[in-house]
Amino acid sequence: MKNIIGAKPSPETAPNPAGQKASGETGAPHSAIKFLTVDAESAGQRLDNFLFRHLKGVPKTHVYRIIRSGEVRINKGRAQAETRIEVGDVLRLPPVRISPRAEEGATPPAPAREFPVLLEDDAVLAIDKPAGVAVHGGSGVSFGVIEQLRTARPGAKFLELVHRLDRETSGILLVAKKRSALVALQDQFRERETGKTYLALVEGSWPANKKVLDAPLAKYLLPGPDGVAGAGERRVRVVAKDHPDAMRAVTLVRVLARLTLPGDATPLSLLAVTIKTGRTHQIRVHLASAGHAIAGDDKYGDFERQRALQKLGLKRMFLHAWRLQFNHPASGERVALQADLPPELLALMPPAALDAMAQHPTPTSHD
């Protein structure tokens, strides 16, 4: 097992009417319905990322809109932005208009940025993502980690996100540097062969005997600014097992410490949270639905409480992707990574909490 716990950041097959392959599409104006067949080089990508590359000059907000409306089809069926495309899939793309300025590349590229490196070799790049940075552009964000890395590394032939973290979550993020590594790592995430442990500070005193949260989740959209149903931000909630959109989600919880912040009497619990499934907002929703929202969570926590926490020095959500274990896609060796708490969270932790973190065992198996 390759153990890098405590590593320090470095400086740094339907018919194809158009007869086109996904990898050969150009940035010409998209004024008619097009059909693309996914080839091996594009397989495994998320639908939204695929479209960003093949609808050059089309605003990302519009790309998400045509996906949500069902105008983009995979093998004649509707799909979601996070759907993974496979070899042989036939994608239907609706007509889209591109302004001459956009076609000429008027949109400025993402600013170059490197992030603290926890591990890097020919196949994998593991970084320590700061809070407040999206992992990719879209949904009102013009660029994210992956776009910034691509700008910073113009010679890199391949850089793709293996998985995702919420914008306000800090910690370990994997980027594949080869298509083969991307596929192998995503297979591990899908088959639950990785070990993902987060640190979360939650409201209240978490019951020590409450160790497993097994509650299905479903996505929904809030009303838009004008009151239109389903036109607002995405949210997730716990639903019954027979809900049509239910997705199983399993979260394991262990209490590391109980504490209060200086100047505040409200009890808080520091938890080590291991997820067995990787659903959107899984940890946030599971903990909040159990009556213990993550401190600083502006989506699923209490608004007034968040304001009070900001005055106490917590100006972000206290959720950190702390540890990650996976099998290296090239060597097969088990790798264990750790991203230490960032300074703004570390400063809030009493010595007892730090001791508990240091003593928390690191999983060495797929369990």
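Anything mentioned here points back to the structure above.
Residues numbered from 1 in each chain as written. Predicted model: local features only at pLDDT ≥ 70, side-chain atom pairs only at ≥ 80, totals over all residues. Heavy atoms only, no water.

Attention now moves to the overall build of the protein chain. Of the regular secondary structure elements, the protein chain holds nine helices and 18 strands. In the protein chain, buried positions account for 48% of the 367 residues. For the protein chain, the exposed surface amounts to about 17500 Å²; the carbon and sulfur share of it is 52%. (Helix = DSSP H or I, 4+ residues; strand = E, 2+ residues; numbered from the N terminus. Buried < 20%, exposed > 50% of the residue type's maximum accessible area, 1.4 Å probe, protein only. Areas by Shrake-Rupley, 256 points an atom, 1.4 Å probe, with all protein chains shown as cover.)

The next subject is the pattern of salt bridges. Inspection of the entire model under this criterion finds 15 salt bridges. With its nearest N and O atoms 2.9 Å apart, the salt bridge here joins aspartate 166 to arginine 284. One end of the pair, aspartate 166, is in the loop between strand E9 (160–161) and strand E10 (170–176); the other, arginine 284, is in helix H6 (residues 282–289), with 118 residues separating them in the sequence. Accessibility expressed as a relative area gives 4% for arginine 284, which makes it buried. Arginine 284 serves as the salt-bridge partner of aspartate 297, at 2.7 Å between the closest nitrogen and oxygen. You can see aspartate 297 sitting in the loop between H6 and helix H7 (303–311) and its partner arginine 284 sitting in helix H6, a full 13 residues away along the chain. (Salt bridge = Lys/Arg side-chain N within 4 Å of Asp/Glu carboxyl O.)

Turning next to the environment of arginine 316. Along the polypeptide, arginine 316 turns up in the loop between H7 and strand E17 (319–327). Its relative accessible area of 8% is what places arginine 316 among the buried residues. Sequence-wise, arginine 316 and aspartate 297 are 19 residues apart; in three dimensions their C-alpha atoms are separated by 7.5 Å. Apart from residues lying up to four places away in sequence, arginine 316 is in contact with Ala131, Glu168, Thr169, Ser170, Ala295, Gly296, Pro342, Glu344 and Leu345. Separated by 2.9 Å, the side chains of arginine 316 and serine 170 make a polar contact. Here leucine 319 takes part through its backbone oxygen, which lies 3.1 Å from a polar atom of the side chain of arginine 316. (Contact = heavy atoms within 4.5 Å. Polar contact = N/O pair within 3.5 Å; in protein donor to acceptor, adjacent residues only side chain to side chain.)

Let us now look at the environment of glutamine 325. By the secondary structure assignment, glutamine 325 is in strand E17. Residue glutamine 325 is classed as buried on the basis of its relative accessible area of 0%. The sequence separation of glutamine 325 and alanine 336 amounts to 11 residues, and the corresponding C-alpha distance is 4.4 Å.

Here we come to the pairing of strand E16 (residues 268–275). In terms of residue burial, E16 counts as a mostly covered element, since eight of its eight residues are buried. Of the two faces of E16, the one holding Leu268, Leu270, Ala272 and Thr274 and the one holding Ser269, Leu271, Val273 and Ile275 are both buried throughout. Inspection of the sheet shows strand E11 (residues 195–203) paired to E16 by eight bridges, in the antiparallel sense. Following the sheet pairing, tyrosine 198 is matched in E16 by valine 273. As paired strands, strand E15 (residues 250–259) and E16 are joined by eight bridges and run antiparallel to one another. Following the sheet pairing, valine 253 is matched in E16 by valine 273. (Pairing = 2+ DSSP bridges.)

Read these as spatial facts, not as claims about activity.
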